[in-house]
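If you want the building blocks of each chain, they are given just below.
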Amino acid sequence: MSQQTLMWTIVLNALGVAGIIVWHMQGHTRQTERLVSQIVFFLTMSVVLVLARIVPFRFDAPHIDGSRSLIVLAKILWWTHLSWATIGILRIYIVFDGRPREARLIQDLLVAIVYLGVLLSVMAFVFGVPIGTLLATSGVFAIILGLALQNTLGDVFSGVALTLGRPYVIGDWILLQDGTEGRVVASNWRSTYLLTSSHNHVVVPNSVLAKQGLTNISKPDESHQITLSVRIVPTRSPKFIVDVMHSALKSCNSIAQEPAASVSLVGIDAVAVDIQLFLRVTSPAQRIVARNDMIDLVYRHCRAHGLVFARPIGSPLLHDDRAESPGVDVATLLDSIPLFFDLTHDERELLASSAVLRTVAADELLVGRGEVCRRFMVIKQGVVVLREDGRDILRLAPGDMLGAGGVFAELPENREATAMTQLEVYEFSSDVIDLMFAEKPSARDRIRMRLASGSINLPTAQPPAASAEGTRSDFVRSIRSVFGTR
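First, a word on what this report is: a plain description of the structure on this page. Keep in mind it's a predicted model, so treat the numbers as computed, not measured. (Residues numbered from 1 in each chain as written. Predicted model: local features only at pLDDT ≥ 70, side-chain atom pairs only at ≥ 80, totals over all residues. Heavy atoms only, no water.)

## Considerations on the overall build of the protein
Let me state the cut-off plainly: Helix and strand definitions follow DSSP, with helices as H or I runs of at least four residues and strands as E runs of at least two, each counted in order from the N terminus. It only takes one pair of heavy atoms within 4.5 Å for two residues to be counted as in contact. Areas reported here follow the Shrake-Rupley algorithm with a probe of radius 1.4 Å; residue values treat only the protein chains shown as occluding.
Tallying secondary structure elements over the protein gives 15 helices and 16 strands in all. Sequence separation of 24 or more characterises 71% of the internal contacts of the protein that already satisfy a separation of 6 or more. A total of about 25,600 Å² of accessible surface is found on the protein, and carbon and sulfur atoms cover 60% of it.

Below you can see the structure in the form of structure tokens.
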């Protein structure tokens, strides 16, 4: 070997060792800098390899001396840096191709293929191992190993197929045919992990997941339709009952109002009118909240309009259910409002005696924003919408109230209240209340204390419109922080 070739071989080995040291010093947190250094070192070593007249794709003479050992080491280092540079370029392609970080299974598979190819190349071109014979011999062991690990290999290849087919990604909510449902929080070579609504981890083998159908609830967005069945005694016309159900749907703050919820008449007989309510929630996690709110609102609206719930099919008829419900009076409404819980029964009866029943037309302004209301109202029938800057913020149903802050504590209203449908409200004038509580200032003080503490019977605000991307991206970021995959 000439002096020039020996010198370049030493430089090549030095570059290879330096590249390994730099690669380890940069760590996993500096992926960009590590990739740049990999490519720079590989290109520099390739130039030096040409100058040293070393051919990495050819097996040299079998005799080994000091210089030949340097050539063997240089080839090994060059093949090592080739594998790292190739893996880095593959990862760049996956990122720029819009592949999500959850496609780590594909990345691991490609990395394994690259390392296997480099290992075989080193054995063939550096040490002269007959690869053909080795592969033929290893095929027998591969068959034996495959038979022993067929279940595990089935999970592995099913995981590859699921990753390539992309029926779901990390953060999606999926429903399996066997009834299992939850969010995909992790996926590896063997299994997929689901976080259920009961906050449990369900581990599903990839082979099982690939064999059964699944519903991706997060696509195209996370809005989800639920149904609620109601049976009403036919004391009023079906159209009247449907209108009451529409009012209940309009007053619900836990469901998405776009697209609008719908009411379907399923059937009618002498016992009941069967109805189904179709409503949409912004995410699967909202289903329980929305169902609870709707059951409460259906009860309140039916009671306010004198409708009676029919008995379940097959239950014995002990008496005639077809009598109309007496509805709800002002005393009953006041008893159900937490603001007046501290009042005695006599004090609530006194307050109820001052109520005036008033009918309000749809779209009529009840309370203006910033107004100190001189009367407070309790809704008997209908729906009121609270608006802020032209946007619907909250909807009130029978049994809810407004204006109490101005009457009892002279607080201005921070939202505009408008009748969404025709209303019947019980109205309480400030002058009458001042006269009533003149001799009982302690009762008024107790109401003011409840107002100051926020103990008012108001529903929660309406959820935002369905937006799966924002919700899912926040969820995915949380998952990555937990599993250390930022």
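## Describing unusual backbone geometry
A cis amide bond links Lys219 with the next residue in sequence, Pro220, at an omega value of 0°. Looking at the element boundaries, Pro220 is found in the loop between strand 5 (214-216) and strand 6 (224-232). The amide bond that connects Glu258 to the next residue, Pro259, takes the cis arrangement and shows omega of -5°. Structurally, Pro259 is set in the loop between helix 8 (238-250) and strand 7 (262-268).

## Things to note about the sheet that holds strand 1 (residues 173-176)
Operational definition: What makes two strands pair is DSSP finding at least two bridges between them. An axis is simply a line fitted to the C-alpha atoms; with a helix, the fit covers only the stretch in contact. Between two such axes, the angle follows the N-to-C directions and lies from 0 to 180 degrees.
What the five strands build is an open sheet, ordered 4-3-2-1-5; its pairing is antiparallel. Lying at the two open borders of the sheet, with one neighbouring strand each, are strand 4 (201-205) and strand 5. Strand-to-strand twist of the sheet, defined as the mean angle between neighbouring strand axes without regard to direction, takes the value 40°. Note that strand 2 (residues 181-187) and strand 3 (residues 191-195) share four bridges and pair antiparallel. Counterpart to Arg183 in the pairing with strand 3 is Leu195.

## Examining the packing of aromatic side chains
Quick note on the threshold: Aromatic pairing here means that ring centres of Phe, Tyr or Trp (its six-membered ring) are within 6.5 Å. Orientation follows from the plane angle: under 30 degrees is stacked, over 60 is edge-to-face, and everything else is tilted. Only protein chains enter the accessibility calculation, which uses a 1.4 Å probe. A residue is then buried if its area is under 20% of the maximum for its type, exposed if over 50%, and partly exposed in between.
Under the counting rule described, the total for this entry stands at three aromatic pairs. Ring geometry for Phe42 against Trp78: centres 5.5 Å apart, planes inclined by 35°, an arrangement best described as tilted. With Phe42 in helix 2 (residues 31-51) and Trp78 in helix 3 (residues 66-96), the pair connects residues that are 36 residues apart, well separated along the chain. Here Phe42 matches Trp78 in class, with each residue buried. A network of ring pairs unites the aromatic residues Phe42, Trp78 and Trp79 as a single cluster.

## A short note on the sheet that holds strand 11 (residues 375-381)
If you walk across this open sheet you meet the four strands as 9-16-11-14, and the pairing is antiparallel. Since the sheet does not close on itself, it has two edges, and those belong to strand 9 (356-360) and strand 14 (401-402), each with one partner. Pairing analysis gives five bridges linking strand 9 to strand 16 (residues 423-429), with the strands arranged antiparallel. The residue of strand 16 that forms the bridge with Val360 is Leu423.

## Digging into the packing of helix 1 (residues 3-26) against helix 2
How we decide: When an angle is under 35 degrees it counts as roughly parallel; over 145 it counts as roughly antiparallel; between 65 and 115 it counts as roughly perpendicular; any other value is oblique. Each residue gets one label: Ala, Val, Leu, Ile, Met, Phe, Trp, Tyr, Cys and Pro are nonpolar, Asp, Glu, Lys and Arg are charged, and the others, such as Gly, are polar.
Where helix 1 meets helix 2, the closest approach of the two axes is 9 Å, and the angle between their N-to-C directions is 175°. On the basis of the axis angle, helix 1 is roughly antiparallel to helix 2. Of the residues in helix 2, those in contact with Trp8, Val11, Leu12, Leu15, Gly16, Ala18, Gly19, Val22, Trp23 and Gln26 of helix 1 are Glu33, Arg34, Ser37, Gln38, Phe41, Thr44, Met45, Val48, Leu49 and Leu51. A per-class count over the contact of helix 1 with helix 2 returns 12 nonpolar, six polar and two charged.

## Concerning helix 1
Spacing of three or four residues puts side chains on the same side of an α-helix, whose turn is 3.6 residues. Convention followed: Expected helix span is computed as 1.5 Å times (number of residues minus one).
For helix 1, built from 24 residues, the straight-helix expectation of 34 Å at 1.5 Å per residue is met to within 8% by its first-to-last C-alpha distance of 35 Å. Regarding helix 1, the residues found buried are Thr5, Thr9, Leu12, Asn13, Leu15, Gly16, Gly19, Trp23 and Gln26. Looking at the residues trailing helix 1, positive phi occurs at Gly27, about 75°.

## Considerations on the pairing of strand 4
Inspection of the sheet shows strand 3 paired to strand 4 by five bridges, in the antiparallel sense. The residue of strand 4 that forms the bridge with Ser191 is Pro205. The turn linking strand 3 back onto strand 4 is made up of five residues, and His199 within it adopts a positive phi angle of 65°.

## Description of the pattern of salt bridges
In plain terms, the rule: Every case where a carboxyl oxygen of Asp or Glu lies within 4 Å of a side-chain nitrogen of Lys or Arg is listed as a salt bridge.
Within the structure shown, the criterion is met by 16 salt bridges. Between Arg183 and Glu222 there is a salt bridge, with the nearest N and O atoms lying 2.6 Å from each other. Separated by 39 residues along the polypeptide, Arg183 in strand 2 and Glu222 in the loop between strand 5 and strand 6 bring together distant segments of the chain. Lys380 is paired through a salt bridge with Glu424; the nearest N and O atoms lie 3.8 Å apart. Residue Lys380 is located in strand 11, and its partner Glu424 is located in strand 16; the two are separated by 44 residues in the primary sequence. On the basis of relative accessibility, which here comes to 23%, the residue Glu424 falls in the partly exposed class. Within this structure, Arg358, Glu364, Arg375 and Glu427 form a network of salt bridges that share partners.

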